[in-house]
4 protein chains.
Amino acid sequence: MIFSSDNWSGAHPAIGESLMAHAAGYASGYGTSDLDRKVEQKFAEIFERNVAVFFVGTGTAANSLALATANRAGGVAFCHREAHVIADECGAPGFFSHGARLKPVDGPRGKMVAARLDAEIRRFPLDNVQGGQPTVVSLTQATESGTVYSLAEIDAIAAVSKAHSLPLHMDGARFANALISLDTTPAEMTWKRGVDLVSFGGTKNGCWCAEALVLFDLSSAQEMHFMRKRAGQLFSKSRFVSAQFDAYFAGDLWLDLARHANAMAARLAEGITASKTSRLAWQADTNEVFAILKKDVAAKLRQRGAIFYDWPVPQDLVGSFAPDEGLHRLVTSFATRADDVDLFVSAC
Amino acid sequence: MIFSSDNWSGAHPAIGESLMAHAAGYASGYGTSDLDRKVEQKFAEIFERNVAVFFVGTGTAANSLALATANRAGGVAFCHREAHVIADECGAPGFFSHGARLKPVDGPRGKMVAARLDAEIRRFPLDNVQGGQPTVVSLTQATESGTVYSLAEIDAIAAVSKAHSLPLHMDGARFANALISLDTTPAEMTWKRGVDLVSFGGTKNGCWCAEALVLFDLSSAQEMHFMRKRAGQLFSKSRFVSAQFDAYFAGDLWLDLARHANAMAARLAEGITASKTSRLAWQADTNEVFAILKKDVAAKLRQRGAIFYDWPVPQDLVGSFAPDEGLHRLVTSFATRADDVDLFVSAC
Amino acid sequence: MIFSSDNWSGAHPAIGESLMAHAAGYASGYGTSDLDRKVEQKFAEIFERNVAVFFVGTGTAANSLALATANRAGGVAFCHREAHVIADECGAPGFFSHGARLKPVDGPRGKMVAARLDAEIRRFPLDNVQGGQPTVVSLTQATESGTVYSLAEIDAIAAVSKAHSLPLHMDGARFANALISLDTTPAEMTWKRGVDLVSFGGTKNGCWCAEALVLFDLSSAQEMHFMRKRAGQLFSKSRFVSAQFDAYFAGDLWLDLARHANAMAARLAEGITASKTSRLAWQADTNEVFAILKKDVAAKLRQRGAIFYDWPVPQDLVGSFAPDEGLHRLVTSFATRADDVDLFVSAC
Amino acid sequence: MIFSSDNWSGAHPAIGESLMAHAAGYASGYGTSDLDRKVEQKFAEIFERNVAVFFVGTGTAANSLALATANRAGGVAFCHREAHVIADECGAPGFFSHGARLKPVDGPRGKMVAARLDAEIRRFPLDNVQGGQPTVVSLTQATESGTVYSLAEIDAIAAVSKAHSLPLHMDGARFANALISLDTTPAEMTWKRGVDLVSFGGTKNGCWCAEALVLFDLSSAQEMHFMRKRAGQLFSKSRFVSAQFDAYFAGDLWLDLARHANAMAARLAEGITASKTSRLAWQADTNEVFAILKKDVAAKLRQRGAIFYDWPVPQDLVGSFAPDEGLHRLVTSFATRADDVDLFVSAC
């Protein structure tokens with residue numbers, strides 16, 4: 001009953017087999033091999049357009065390079081108050097951007113409200129050098145709250161970004177989970193909405209280590225080659241990433257894995273909703289379920305081996321829980337078994 | 001006949017099998033799993049003392065974090081003129097160190113001469129704020145010229161470093177190859193000589209992606225946790241690195257692989273020396289052979305499928321080659337076959 | 001009737017005369033002249049202890065170097081939500097600190113509440129590498145709201161800082177104004193309370209350009225020499241700063257100038273309080289008066305030549321003004337004349 | 001007999017008087033006052049075209065911002081091996097540029113040889129991400145050796161820069177001295193030759209602290225506003241710089257001051273050439289004389305109160321001095337008196 005994080009799971013067998021299959025023989029290094037090219041072409045197919053693809057080692061690196069490529073002096077990036085880039089990356093975006101700042105934007109359940117984003121950006125007029133200058137907007141899809149921006153919500157965020165001539169970045173650490181949730185295509189969820197660059201995560205969804213920064217504006221690709229190398233993110237045996245993505249995309253494995261993870265979360269959510277003592281804090285759109293458990297129930301579950309995190313109560317929900325209740329995050333993954341879900345639910 | 005670089009090879013089967021073996025089940029992320037602990041303990045055994053081990057994605061990252069941890073304002077690091085850190089990392093050490101500079105030190109065949117190192121350091125007296133301040137010395141073992149510092153040579157470099165109170169870093173991208181060449185132990189080649197931190201490379205020697213920064217001074221480990229995370233180098237599924245190192249160290253596989261690579265280089269060197277038209281530019285200590293080939297011989301070899309790089313002639317050898325001769329680098333690896341070596345030699 | 005900012009005034013005649021007096025002859029550069037030494041000694045007298053003094057060109061530089069000297073990887077500094085360092089320095093502290101972040105702490109009238117500071121620091125436990133690590137606390141004295149921390153309030157902030165082993169920085173852009181307001185000594189207002197380093201501003205209080213970073217911990221002085229030079233803040237003709245400070249301190253001119261500025265603010269505040277239509281938004285402790293003016297009154301004043309800024313309404317006062325009222329900041333300086341104050345008040 | 005450096009002198013009386021004259025009254029801050037505008041307009045007249053002018057506190061800041069504005073990831077700037085930016089600024093250009101590197105270019109007497117510059121740039125082909133990318137060329141006018149690039153030599157350097165699409169920066173810490181030496185105009189010495197941005201120094205030539213970064217490409221001015229502020233280089237009482245420049249330019253004072261300094265250097269050079277024991281190391285083009293003095297002569301001069309620096313012997317002159325000879329730098333300034341020159345010469 002491991003619901004702590006999707007990165008506690010290992011890798012799907014197909015990923016490992018692909019690594020085994022490509023281990024023999026020789027291939028040119030530093031992202032120049034035939035397999036690298038093939039996988040980059042696959043990204044172009046998936047996104048239905050030319051893209052520039054940069055493999056990196058972590059989502060933190062993808063996000064930080066994305067924000068850095070848009071940076072200017074005194075730059076200010078905008079993201080949700082609870083976004084991974086602002087809360088959980090040890091200041092990496094600022095480090096990669098030589099001191100750029102991230103300004104938190106409010107909104108319920110991990111999603112920026114477009115009007116609030118607009119108001120925050122307006123606090124940095126370009127003629128006020130003291131304040132600094134807006135540089136980029138970053139949205140997380142799926143969000144840290146397990147929710148997803150609808151296509152219309154992405155449209156609204158993109159409209160604000162474009163009105164201020166700011167590029168729009170999508171942190172897609174759980175890109176596939178969001179895609180399944182919206183039942184849409186990568187193109188529809190990104191550049192057709194106005195997204196300019198994407199951190200495309202494969203690691204949480206069944207890979208060992210497969211992250212990519214995808215740029216739709218090819219004119220910034222040349223610079224990104226140098227930015228990535230300078231950041232120590234250009235792998236010599238780049239095949240070890242492309243072999244993972246090769247298997248990940250083959251036969252739409254990636255969508256199947258995300259579909260499974262989301263389905264397990266839905267099963268978990270249903271079970272909790274139907275339980276006597278527990279309830280959902282809010283609707284689970286993807287593979288993260290936020291549940292309100294009685295303290296004794298949480299203790300009992302943990303005694304039985306369940307692993308899951310306590311979660312800070314969002315500001316707008318403070319006071320809405322009973323004293324004997326706690327908020328918890330439950331994450332499913334490609335590897336989650338229905339048995340474990342049912343076992344968990346049975347104790348709620 | 002691939003002699004372009006040891007990173008053109010893939011991974012040893014045992015590495016892939018270990019990844020497969022650890023793919024199932026769950027483990028805590030971000031370097032906190034039992035396997036991570038086990039491998040760190042293995043490092044301690046290998047180095048015969050307590051060490052702090054930080055897995056990272058690339059040698060560039062390991063080197064840059066190493067130099068950054070020693071950095072101060074206006075800092076100047078010292079390395080050989082042809083060292084990887086100064087010539088081939090796109091300025092990453094400077095980026096990680098907020099503008100620290102690398103000063104080239106001369107010496108034949110990739111090795112700093114201790115007296116020259118001392119003279120270069122003395123150019124930065126601490127009372128001259130304009131010049132900046134010395135911060136760290138970095139030596140490459142094995143060097144970019146395929147040579148190794150003898151234990152006495154490391155002693156001499158360490159003595160200069162200590163005389164100026166500077167920590168000593170070893171770029172060990174080819175650590176195992178150097179170890180085999182010197183027939184010594186990791187402890188003897190590093191901290192017993194005065195080395196303070198090591199970039200420990202596994203990738204070139206049969207792993208997919210396994211690099212570690214090893215600190216002998218445990219007091220700097222706490223800060224390095226934040227430095228690594230801030231640099232986007234903390235892997236969520238850290239097991240994918242530790243599983244590689246686990247297999248790498250098991251039964252001394254790593255030493256066997258390096259021994260093989262070095263033996264193949266020796267075989268190549270012998271063949272070239274015995275050939276009618278070709279000769280060695282200098283002695284090959286490890287798995288890199290620098291050969292002087294007639295231009296028509298090089299062309300013939302390439303026609304037959306040999307892949308290898310032209311190499312810039314070191315300053316002190318300029319003018320010592322005939323007009324129809326060229327300098328080339330030939331790199332062997334764990335995967336090099338004797339057949340290919342013999343085929344190459346037969347055409348020299 | 002210029003009440004826009006104290007930096008709209010020029011320089012006190014004594015400052016210019018001192019520059020004239022030191023213009024002839026020669027003196028060694030880069031902060032090594034006899035006059036530099038004399039002024040540094042004067043700082044020691046003023047603070048009643050040994051100090052390390054670093055002249056710089058701007059308060060932004062002093063603040064940024066102060067925060068940078070305390071920085072570590074993934075560092076987080078803490079300051080009031082409206083502090084100059086977080087709101088008005090174009091991200092300079094982050095730039096000097098390679099990406100360090102500033103976390104806003106709440107509190108009424110520009111002053112951090114100690115308990116809230118403690119709560120914010122606790123959000124960054126050292127075992128959570130994702131969050132980053134606390135590095136320094138910065139308080140502004142006098143604050144951006146024209147208020148001052150009492151000695152007891154500084155004690156409370158210092159106690160929290162020390163409890164978390166964090167150095168405490170004081171942004172003293174209006175140090176003299178605060179000192180006069182508290183009727184205390186520099187030593188009592190700083191290191192005797194637990195302040196570790198001070199941005200000591202002279203520019204707003206009658207100098208042309210005289211700012212200094214004062215360190216009470218002499219062990220960090222050596223590094224600061226390099227940090228300042230690296231930041232392009234070491235003046236070759238350092239005398240041009242020391243000559244200003246020399247006159248500034250002579251005969252306690254600096255205290256007289258601040259006393260005058262504060263007195264003019266008090267006169268302004270009294271006048272506004274006594275007026276029929278206008279009132280104070282809050283008590284003026286120093287040389288900044290925050291007044292609530294009827295819109296037609298503000299327009300009339302501006303028509304008559306008064307210059308002053310509209311000011312954003314603090315969150316806790318939103319809704320407490322009438323629709324026809326506006327919040328304005330009125331700043332006095334060493335150069336403000338009572339006539340102008342009275343003229344202003346007569347129109348309120 | 002002070003010949004140590006031109007920054008050992010103070011300020012010309014006209015500079016101080018201008019500061020006195022502008023000390024009273026009020027003016028808007030942060031570079032927005034009428035006087036700031038007037039002086040910027042004066043720069044445009046001097047350069048015979050529209051320019052963007054940014055006052056900063058030091059030449060180090062002007063140079064570092066200039067190189068930073070041209071920077072890209074993994075960037076490499078090119079300058080002479082002995083240039084101030086590479087040798088005497090504590091790594092500031094790298095700090096401002098987040099790790100950009102400076103590559104030394106050789107050439108006798110402080111001047112880059114165009115062909116060598118071209119060769120150095122070619123070592124960084126854009127398809128080699130490991131090496132990094134060329135970003136900017138910086139030449140010093142006058143050089144650290146007291147020489148000046150002729151207009152034809154600037155043409156040659158500019159041609160190489162343009163061939164590689166690199167902007168060309170001129171470090172003009174001694175701009176006026178070079179101008180007088182070449183008997184040309186600011187326009188002819190800069191943008192008409194292909195120079196794109198200039199560090200325009202006034203401090204060494206009679207100001208207290210007056211440095212400006214001049215951009216001929218107005219499209220980069222908007223970004224520079226933020227870069228300057230972020231670097232803590234935007235003065236609140238910007239008038240203190242513009243008042244200096246106002247007097248500096250009035251009646252061509254700046255040219256008269258440089259003419260005097262150069263004339264004093266010529267007088268010194270003539271005297272040394274005519275002396276019995278001493279000689280010039282090379283021709284003095286501006287206000288720096290490099291003299292070879294017998295050791296006992298140097299000692300005697302110092303005993304009589306002369307202050308001047310020993311100077312490192314350039315590599316190409318090593319071995320060309322007698323054992324009892326030493327190389328020394330003698331710098332004159334606007335304040336140097338003929339009496340002192342003659343006194344010095346009389347002892348040579």
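These figures come from a predicted structure and were not determined experimentally.

**Regarding the relation of the copies chain A and chain B**
Superposing chain A onto chain B takes a rotation of 180° combined with a translation of 0.0 Å along the rotation axis, leaving an RMSD of 0.0 Å. The superposition operator between the copies reduces to a two-fold rotation axis. Considering only C-alpha atoms, the part of chain A nearest the rotation axis is glycine 57 of chain A, at 3.2 Å. Both copies present the same face, since 100% of the interface residues in chain A are matched by interface residues at the equivalent positions in chain B.

**Side note on unusual backbone geometry**
Residue and element names in this part refer to chain A. A cis amide bond, omega -5°, links glutamine 141 with the succeeding residue alanine 142. Here alanine 142 shows up in the loop between strand 4 (133–140) and helix 7 (151–163). Located in the positive-phi region is tyrosine 30, a residue other than glycine, with phi close to 60°. Phi is positive for aspartate 252, which is not a glycine, with a value near 55°. Mapped onto the elements of the fold, aspartate 252 is located in the loop between helix 11 (239–249) and helix 12 (253–274). The partly exposed category is assigned to aspartate 252, whose relative accessible area is 40%.

**Things to note about the pattern of salt bridges**
In total, this model carries 96 salt bridges over all chains according to the counting rule given. Each of Glu48, Asp155, Glu188, Lys192 and Arg193 of chain A takes part in a single network of salt bridges with overlapping partners.

**A few points about the interface of chain A and chain B**
At the interface, 53 residues of chain A touch 53 residues of chain B. At the boundary of chain A with chain B, total buried surface from both sides reaches about 4400 Å², with 65% on carbon and sulfur atoms. Among the residues chain A hides against chain B, the three largest losses belong to Tyr26, Trp208 and Lys237 of chain A. Together they make up 21% of the total. Summed over the shared surface of chain A and chain B, the number is zero salt bridges. The interface formed by chain A and chain B holds 24 residue pairs in polar contact (both at pLDDT 80 or more) in total. Listing elements by their share of the side of chain A that touches chain B, those giving two or more residues are helix 1 (13–21), helix 3 (59–69), helix 5 (92–96), helix 10 (221–230) and helix 11 of chain A.

**Brief notes about the interface of chain A and chain D**
Accessible area lost during the coming together of the parts is what is often quoted as the interface size. Counting from both sides, the interface comprises 19 residues of chain A and, opposite them, 19 residues of chain D. For the chain A and chain D pair, buried surface summed over both sides reaches about 1700 Å², with 61% attributable to carbon and sulfur atoms. The interface formed by chain A and chain D holds two salt bridges in total. A salt bridge links glutamate 223 of chain A to arginine 72 of chain D, with the nearest nitrogen and oxygen atoms 3.8 Å apart. If you look at where chain A meets chain D, you find five residue pairs in polar contact (both at pLDDT 80 or more). For the side of chain A that touches chain D, the element with the highest residue contribution is helix 10 of chain A, accounting for seven residues. Per-class residue counts for the side of chain A that touches chain D are seven nonpolar, eight polar and four charged.

**Examining the domain arrangement of chain A**
Residue and element names in this part refer to chain A. Domain parsing of chain A yields domain 1 (12–253) and domain 2 (256–346). Between the C-alpha centres of domain 1 and domain 2 the distance comes to 28 Å. Both sides together, the interface formed by domain 1 and domain 2 hides about 1700 Å², and carbon and sulfur atoms give 50% of it. If you sort the residues of domain 1 by the area they bury against domain 2, Arg109, Asn177 and Ile180 come out on top, with a joint share of 31%. The tally of links from domain 1 across to domain 2 stands at two salt bridges. Where aspartate 316 meets arginine 109, a salt bridge forms, and the shortest distance between an N and an O atom there is 2.9 Å. The tally of links from domain 1 across to domain 2 stands at 13 residue pairs in polar contact (both at pLDDT 80 or more).

**Quick look at the sheet that holds strand 2 (residues 75–80) of chain A**
All names here are of chain A. Taken together, seven strands build an open sheet; the order of strands is 1-7-6-5-4-2-3 and the sheet is mixed. Sheet topology places strand 1 (52–56) and strand 3 (101–105) at the edges, where each strand pairs with a single neighbour. Averaged over all pairs of adjacent strands, the angle between their axes in this sheet comes to 25°, without regard to strand direction. With five bridges connecting them, strand 1 and strand 7 (residues 211–215) associate as antiparallel partners. By the bridge assignment for strand 7, valine 56 is matched with glutamate 211.

**Overview of the environment of serine 145 of chain D**
Residues and elements named next belong to chain D. If you trace the backbone, serine 145 turns up in the loop between strand 4 (133–140) and helix 7 (151–163). Its relative accessible area of 4% is what places serine 145 among the buried residues. Residues serine 145 and tryptophan 8, 137 residues apart in the sequence, show an inter-C-alpha distance of 18 Å. Discounting chain neighbours no more than four positions away, the residues touching serine 145 are Glu82, Arg109, Gly110, Trp282, Glu288 and Phe290.

**What to know about the relation of the copies chain A and chain D**
Rotating chain A by 180° about the axis while translating it 0.0 Å along that axis superimposes it on chain D, leaving an RMSD of 0.0 Å. Counting the interface residues of chain A, we find that 100% of their copies in chain D are interface residues as well, pointing to one common contact surface.

**As for the side chain of serine 242 of chain B**
The residue serine 242 of chain B is located in helix 11 (residues 239–249) in this model. Here the side chain of serine 242 of chain B touches aspartate 36 of chain B through a polar contact of 2.8 Å, side chain to side chain.

**Some words on the packing of aromatic side chains**
With the rule as written, the count across this model stands at 100 aromatic pairs over all chains. The interplanar angle of 50° and the centroid separation of 5.6 Å between the aromatic rings of phenylalanine 200 of chain B and tryptophan 254 of chain B together place this pair among those described as tilted. Of this pair, phenylalanine 200 of chain B sits in strand 6 (residues 197–201) while tryptophan 254 of chain B sits in helix 12 (residues 253–274), and the two are 54 residues apart along the sequence. One exposure class covers both phenylalanine 200 of chain B and tryptophan 254 of chain B, and it is buried. A connected cluster of aromatic rings, assembled from ring pairs, spans Phe43, Phe47, Phe55, Phe175, Phe200, Phe216, Phe245, Tyr248, Phe249 and Trp254 of chain A.

**Here's the deal with empty space enclosed by the protein**
Using a probe with the size of a water molecule, rolled over the atoms, empty space left in the structure can be pinpointed. A complete count under the given rule lists seven cavities of 30 Å³ or more for this structure. Space inside the largest cavity adds up to approximately 90 Å³. Taken together, Phe95 and His98 of chain A, Phe95 and His98 of chain B, Phe95 and His98 of chain C together with Phe95 and His98 of chain D make up the full set of residues lining the largest cavity. When its volume is computed, the second largest cavity comes out at roughly 60 Å³. Lining the second largest cavity we find 13 residues, and of these Leu67, Ala77, Ser97, Ala100 and Arg101 of chain C sit closest to its centre.

Cut-off values and rules
- Residues numbered from 1 in each chain as written.
- Chains lettered and ligands numbered in written order.
- Predicted model: local features only at pLDDT ≥ 70, side-chain atom pairs only at ≥ 80, totals over all residues.
- Heavy atoms only, no water.
- Least-squares fit on C-alpha atoms with pLDDT ≥ 70 in both.
- Contact = heavy atoms within 4.5 Å.
- Helix = DSSP H or I, 4+ residues; strand = E, 2+ residues; numbered from the N terminus.
- Buried < 20%, exposed > 50% of the residue type's maximum accessible area, 1.4 Å probe, protein only.
- Salt bridge = Lys/Arg side-chain N within 4 Å of Asp/Glu carboxyl O.
- Buried area = accessible area lost by both parts, 1.4 Å probe.
- Polar contact = N/O pair within 3.5 Å; in protein donor to acceptor, adjacent residues only side chain to side chain.
- Nonpolar A, V, L, I, M, F, W, Y, C, P; charged D, E, K, R; others polar.
- Domains from an automatic or database assignment.
- Pairing = 2+ DSSP bridges.
- Axes fitted to C-alpha atoms, helices over the stretch in contact; angles between N-to-C directions.
- Phe/Tyr/Trp six-rings, centres within 6.5 Å; stacked < 30°, edge-to-face > 60°.
- 1 Å grid on protein atoms, 1.4 Å probe; cavity = no way out; pocket = protein on both sides within 12 Å on 5 of 7 lines; lining within 4 Å.
- Points joined across faces, edges and corners; volume = space filled by probe spheres on them.

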